[in-house]
Amino acid sequence: MTSLYDEVQTPTDGVPTRRVTMTVNGEKRTVDVEPRLLLAHLLRQGMQLTGTHVGCDTTSCGACTVLFDGRPVKSCTMLAVQADGHDVETVEGMSSASELHPVQEGFKQEHGLQCGYCTPGMMLTSKALLERNPDPSEDDIRWALSGNLCRCTGYQNIVKSVLWAAEKMRAERGEDA
Amino acid sequence: MALDELKIGGMGASRRRVEDNRFIRGKGKYVDDVVLPAMLHMEILRSPVAHARIKSIDTSAAWEVPGVRLVLTGETMAARNLAWMPTLSYDTQAVIATDKVRFQGQEVAAVVADDPYIAKDACSKIVVEYEQLPAIVNPDQAKDSSAPLIRDDKVNQDSNKIFDWEIGDKEATEKAFADADVVSSLELHYPRSHPSPLEPCGSIADFDRATGKLTVYMTTQAPHIIRAAVAMVAELPEHQIRIISPDLGGGFGNKVPVYPGYVISILASILTERPVKWIEDKSGNLISTGFGRDVYLKGEMALRKDGKILGMRMHTTSDHGAFFADAQPTKFKIGLMHSTFACYDVPAAYLTSDGYYTNKAPGGVAYRCSFRVTEAMFFQERMIHAAANDLGMDQAEFRRVNLVKDDMFPYRTAFGFLTDSGQYAKCLDLGLEAIGYSSFKAEQEEARKRGKLLGIGISTMTEPLGAGNSREYDIIGIKMFDSAELRVHMTGKAILRTGAKTQGQGHETTWAQIVAHELGIPADDIVVEEGDTDTAPFGMGTYASRSTPVAGAAVAMVARKIRAKARKIAAHLLEVSEEDIEWELGRFYVRGNEERGVTIQDCALAAYSNVPDGMEPGLENNAYYDPPNLTWPFAAYICKVEVDPETGVWDVLKFVAVDDCGVRINPMVVEGQIMGGLTEAYAMANMQYITFDEEGNCIGANYIDYLLPTAWETPGFELHEVVTPCPHHPIGAKGIGECATVGGPAAFVNAVMSAIEHTGVRNVDMPLMPNRVYDAVRNGQDVSGMPPVRVD
Ligand code: FES
Ligand code: FES
């Protein structure tokens, strides 16, 4: 018997599946999934996008955050079938082969990560914030990130990382830093 | 000309971390990211009750679920002599329960299936019949003569007591109390907490029948200890065991012990002859793996009127859960609790301790802590705070009188530790100035007029980091040293491996900086690897802030061995005798003729192409480092809070941290460690605790009940530094990873107490949740013990 879980496109005999189509990191993907499969598991196991981490599986920690039509959602508490027809961005979609997103650079420059487990979720939430609010205050950042837990950094450097990225993005757009 | 050390990423450079290059791209490789061909998935069924006899287990329905490959129970394990395993404290622990379950969340069965969803489905089909027994949830209940015996599996165990232990000079201490003008006393509870790294524990066991080799990917901070433990438990030859600890999503002590899930996955792989992956969920992690703290402490201090401390005595009662599985040095039953008061000149001291079994999860691990020093230093600083108040002395002044002075080193503490360096008063004064201590009283007055209560709390402490030396420190008999192996390639690039294991501390970055400092090879030319027992030299792993003190020292020492050989090669290349060779960073030259020299890279090439007659070729070596003493960093943490008496809510207005961890290899990384540690200190003081109801149900089994601070609540921290090099460490460094978690909580609590103690309150136990602070202020009374069940 083939495992539905490991090879999403080859469903297990007798288990009902649903065909879903979604855009993942800009690429159109069509997969057959068991209706109960979580989006986080589809991304991690089905599509080998293991940058999406699972910390708590109860919508509390934000390690599994992805951008869903541009908005941060916790993919551990969302079914893969709910993504049908939607756009999903994971950490793997943030950078091109040659260029990092300013948020990624900011996290490295300001030491915004230690073990790296919370980092993909933190960066995606930060990216969404900066798209909404290009000039956030420290409080804006802390509030926006309050659904993402980090056990290592104490957040201070994460805040700095986001400020670093905001400044770089404004400079890139030719605005005053 | 010598190289610019900062430019090559040497000591003192805030070098950006190399590991970040993969983490920021989502390309870290954590255990759950590893996929092996034909891999199966394992799920554990856990006990819903805290104390019960297992009457029967029926697994037949689980076997029938399509996709199930194996169902394991205590019976399966027992048939292979694996139902029980030894703990790191010379006790035994059930791998899968056979007779009784002894805590909620204990392993009762396991299912191996084609995917984790199927394994979970099948677990829910296992029927277990329990005969419930009364649950023991604290030491007071455990002591009761009518209490049920938790460990009826052990011969000669006729009560729930695990140990009695004592240290110090009882007589001298009694004399100090007889001479005292004032005796101050304090009693408190350090609540149970969980290190809770974001990534839970897990393993992938892969047994290859053809070669007899067992490979296990595992979330472990100490892969070599695990290899030894697996060899003993599973009776497999050690050379056929390979433990790989890939990227770890945090550890904080939680990933030191051997957990049943690891052992079950190993047996499952042996039986199915396929790789078996087990990844626990967050609840499994919180309810069954190594907790921290859970100690009741009380003590008294003998004081002279002028503020001099004459002596102290102390008693601790600790709750270890159902199995004594503390990960700590063998000799010390309650860890390094006796490091308490090490920064003060206390002439006489005496400590007694007892420990108990309860129906709670086992494993009092060193949660960002060197074996109970967190409890020791918290008690110390709360006691100091209370004593200063009892004497009517200023908090800073009382500390100044009693802190060990700079000219008293080396200083032997009453419990026998040897502290060797520090500038305690300087750190304190720097912190007081930064927080604005001198104007505080006026501010406090002014705030009271607004109906707000201001408080300031000080915590000063030194702690013992970096066990060994190996004379005193071992874990299950294995001596606590560490190691490094360095291979310099022909082109002057290098690979370094150590027996430590980074979990976010940044070893891949900082170890290369030590090599750069010693050899002048740019840090970017050095790759660092850890965590694979087939390639890394034997080491004790990373916990208790021991990496820099021990493995970091080994890195410096191996680099020096390489340099010594390179010097001989340089003499050969320069055609002078070795005595005529001088070293500057990255280069040897002829004394008196600086122009004539060869670089370390020239020597590396020659090591493989042109060695002097009689010399072994190559430029590789290893070093084992057994530290002569612990390292003793010092910290002064000072916190200013505002308490709203109407709600009990308290806000941190300012927090100043002055840390002296000796020479800093990478200041950016050090500061990251301090801020992370302070956040955990804040969490302990404020919200982070695990409690149990009367039936032994764990309240704190997920992140909804177990509160961790987010970016929103966490205050900002202002960091300062003082540098007193460690006299015995090759690069003068001291441990730092846990200082803030150890010393921080008392600063927060002392601050809140300072704000509210005019109402007559002497102590509020952690967590200082608003309802507890509110009650204390309103009633002018202490609030002690654990909140029974969360009410907020
Ligand atoms: S794993 Fe999804 S929120 Fe924690
Ligand atoms: S970097 Fe480890 S959890 Fe955030």
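Here the structure is a predicted model, which is why all the values come from computation and not from measurement.

All names here are of chain A. The terminal C-alpha atoms of helix H5 (residues 156-172) lie 25 Å apart, and with 17 residues this matches the ideal 24 Å at 1.5 Å per residue to within 8%. Within the span of H5, buried status applies to Gln156, Asn157, Ile158, Val159, Ser161, Val162, Ala165, Ala166, Met169 and Arg170. Within two residues after H5, Gly174 carries a phi angle of roughly 80 degrees, on the positive side.

Here we take up the interface of chain B and chain A. If you look at the interface, chain B gives 59 residues, while chain A gives 51 residues. By the criterion of area lost to chain A, the three top residues of chain B are Ile24(B), Tyr117(B) and Leu198(B), representing 18% of everything that side buries. Run the count over chain B and chain A and you get 4 salt bridges. Asp121(B) is the salt-bridge partner of Arg36(A), the closest N and O atoms lying 2.7 Å from each other. At the junction of chain B and chain A, the tally comes to 23 residue pairs in polar contact (both at pLDDT 80 or more). Put simply, the parts of the chain that give the side of chain B that touches chain A at least two residues each are helix H1 (20-23), helix H4 (116-123) and helix H17 (667-686) of chain B. When residues in the side of chain B that touches chain A are grouped by element, the largest group, 8 residues, is from H17(B).

Quick look at the sheet that holds strand E2 (residues 52-58) of chain B now. Residues and elements named next belong to chain B. Spatial strand order, E6-E2-E8: 3 strands in an open sheet with antiparallel pairing. Unpaired on one side and paired on the other, strand E6 (100-101) and strand E8 (127-132) mark the two borders of the sheet. Relative to E8, E2 is paired through 6 bridges, and the arrangement is antiparallel. Of the residues in E8, the one forming a bridge with Arg53 is Glu131.

What follows covers the side chain of Glu92(A). Mapped onto the secondary structure, Glu92(A) falls in the loop between strand E5 (87-89) and helix H2 (102-109). Buried charged residue Glu92(A) carries no salt bridge. Nearest counter-charge: Lys27(B), at 5.0 Å. At a separation of 3.3 Å, a polar atom in the side chain of Glu92(A) contacts the main-chain amide nitrogen of Thr50(A). A distance of 2.7 Å separates polar atoms of two side chains, one belonging to Glu92(A) and the other to Thr90(A).

Rules and cut-offs
- Residues numbered from 1 in each chain as written.
- Chains lettered and ligands numbered in written order.
- Predicted model: local features only at pLDDT ≥ 70, side-chain atom pairs only at ≥ 80, totals over all residues.
- Heavy atoms only, no water.
- Helix = DSSP H or I, 4+ residues; strand = E, 2+ residues; numbered from the N terminus.
- Expected span 1.5 Å × (residues − 1).
- Buried < 20%, exposed > 50% of the residue type's maximum accessible area, 1.4 Å probe, protein only.
- Contact = heavy atoms within 4.5 Å.
- Buried area = accessible area lost by both parts, 1.4 Å probe.
- Salt bridge = Lys/Arg side-chain N within 4 Å of Asp/Glu carboxyl O.
- Polar contact = N/O pair within 3.5 Å; in protein donor to acceptor, adjacent residues only side chain to side chain.
- Pairing = 2+ DSSP bridges.
- Lys, Arg positive; Asp, Glu negative; His and termini not counted.

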